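Now for the letters of each chain:
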Amino acid sequence: MKSKLFSGVALLAALALSACPTTSSQKNPKKAAATNPLAVDESTSPDFLAFVGRLRKAVEAHDMNTIASMMVPNFAYVLGATPAQDQLGAGVFQYWDQKNVWPELNAVFAQRFVPKNEFMVAPPQFADPSAQYQGYRAGIRRVNGSWKFVYFVNG
């Protein structure tokens, strides 16, 4: 009788313990990133750092060819407006020259990039809704697996 009682208790204990999760209660960050791509901070990933480093150097040197190769075709440089594809090359750079935007571009690219929705943005204040940031900001995101410079706007 005692052995049946012991077997029953052992069976119940085994059943109860098998229902408990064996992994940490914290979510796996890789799984969270896969399910919510808008919350991924890629500021330390090697490909992001390489892209931003190359873009920073190109901005410092005013290397328009390199910068253009790193932009999306519909690059936004005026808030609320997207230029036609044929305006990308000369249009944005002509605009930056006429408005003397290069110093602002250098200043923003000297800042740290942080996630905001599907973009990595600089300066970090732009990603903070409580800051109500209204200055120049840059946005970078993955397009077909590669990093691209998507916008640099003011306002």
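Source: prediction; values computed, not measured.

J.: Explain helix H6 (residues 102-109) residue by residue, including any values.
T.: Listed in full, the buried residues belonging to H6 are Trp102, Leu105, Val108 and Phe109. Projected down its long axis, H6 carries its buried residues within an arc of 125 degrees, all on one side.

J.: Kindly report on the side chain of Thr66, identifying the contributing residues and their values.
T.: On the secondary structure map, Thr66 appears in helix H4 (residues 64-69). There is a polar contact of 2.7 Å between the side chain of Thr66 and the side chain of Asp63. Residues within four places of Thr66 in sequence aside, it is in contact with Arg54 and Ala58.

J.: Could you give an account of unusual backbone geometry, with specific residues and numbers?
T.: A cis amide bond links Ala122 to the next residue, Pro123, at an omega of 0 degrees. Here Pro123 shows up in the loop between strand E3 (119-122) and strand E4 (137-143). Notably, His62 is not glycine yet its phi reads approximately 55 degrees, a positive angle. Relative to the helices and strands, His62 is located in the loop between helix H3 (46-60) and H4. If you check the backbone angles, Asn117 has positive phi at about 55 degrees while not being a glycine. You can see Asn117 is positioned in the loop between strand E2 (114-116) and E3.

J.: Explain the pattern of salt bridges residue by residue, including any values.
T.: Scanning the model with the defined rule gives 3 salt bridges in all. The partner of Arg142 in a salt bridge is Asp47, and the shortest N-O contact between them spans 2.8 Å. On the criterion of sequence distance, the pair formed by Arg142 in strand E4 and Asp47 in helix H3 is long-range, its members being 95 residues apart. Owing to a relative accessible area of 32%, Arg142 belongs among the partly exposed residues under this scheme. Glu118 serves as the salt-bridge partner of Arg141, at 3.4 Å between the closest nitrogen and oxygen.

J.: Run through the nonpolar core, naming residues and quoting values.
T.: Formed by 37 residues in total, the largest nonpolar core has its most connected members in Ile67, Trp96, Ile140, Phe149 and Phe152. Those elements that place two or more of their residues in this core are H3, strand E1 (71-76), helix H5 (88-98), H6, E3, E4 and strand E5 (146-153). The contacts of Ile140, once residues within four sequence positions are left out, are Phe48, Phe51, Val52, Leu55, Phe109, Phe113, Phe119, Met120, Trp147, Lys148, Phe149 and Val150.

J.: Tell me about the sheet that holds E3, and name the residues and values.
T.: Taking strand neighbours across the sheet as the criterion, the 5 strands line up as E1-E5-E4-E3-E2 in an open arrangement whose pairing is mixed. Either end of the sheet is taken by a strand with one partner, and the two such strands are E1 and E2. Direction aside, the axes of adjacent strands within the sheet are offset by 30 degrees on average. Relative to E5, E1 is paired through 2 bridges, and the arrangement is parallel. By the bridge assignment, Ala76 is partnered in E5 with Tyr151. Where H6 meets the sheet, its contacts fall on E3, E4 and E5, and the angle it forms with E5 comes to roughly 130 degrees.

J.: Tell me what's going on with H3, and back it up with residues and numbers.
T.: End to end, H3 covers 21 Å across 15 residues, agreeing with the expected 21 Å (1.5 Å per residue, within 8%). Listing the buried residues of H3 in full gives Phe48, Phe51, Val52, Leu55, Ala58 and Val59. Within H3, the buried residues cover an arc of 125 degrees as seen down the axis, which keeps them to one side. Opposite the buried face of H3, at more than 90 degrees from it, the exposed residues are Pro46, Lys57 and Glu60.

J.: Can you tell me about the packing of aromatic side chains, naming the residues and giving the values?
T.: Tallying each qualifying case throughout the model produces 13 aromatic pairs. The interplanar angle of 75 degrees and the centroid separation of 5.9 Å between the aromatic rings of Phe48 and Phe113 together place this pair among those described as edge-to-face. Of this pair, Phe48 sits in helix H3 while Phe113 sits in the loop between H6 and E2, placing them 65 residues apart in sequence. The same class applies to Phe48 as to Phe113, namely buried. With 6.0 Å between their ring centres and 85 degrees between their planes, Trp96 and Phe152 make a pair best called edge-to-face. One end of the pair, Trp96, is in helix H5; the other, Phe152, is in strand E5, with 56 residues separating them in the sequence. Using a relative accessible area of 0% as the deciding quantity, one classes Trp96 as buried. Above the plane of the ring of Phe126 lies Lys116, whose end atom (NZ or CZ) is 3.9 Å from the centre.

Calculation notes
Residues numbered from 1 in each chain as written. Predicted model: local features only at pLDDT ≥ 70, side-chain atom pairs only at ≥ 80, totals over all residues. Heavy atoms only, no water. Buried < 20%, exposed > 50% of the residue type's maximum accessible area, 1.4 Å probe, protein only. Helix = DSSP H or I, 4+ residues; strand = E, 2+ residues; numbered from the N terminus. Arc of directions from axis to C-beta. Polar contact = N/O pair within 3.5 Å; in protein donor to acceptor, adjacent residues only side chain to side chain. Contact = heavy atoms within 4.5 Å. Salt bridge = Lys/Arg side-chain N within 4 Å of Asp/Glu carboxyl O. Core = buried A, V, L, I, M, F, W, Y, C linked by side-chain atoms within 4.5 Å. Pairing = 2+ DSSP bridges. Axes fitted to C-alpha atoms, helices over the stretch in contact; angles between N-to-C directions. Expected span 1.5 Å × (residues − 1). Phe/Tyr/Trp six-rings, centres within 6.5 Å; stacked < 30°, edge-to-face > 60°. Lys NZ or Arg CZ within 6 Å of the ring centre and 35° of its normal.

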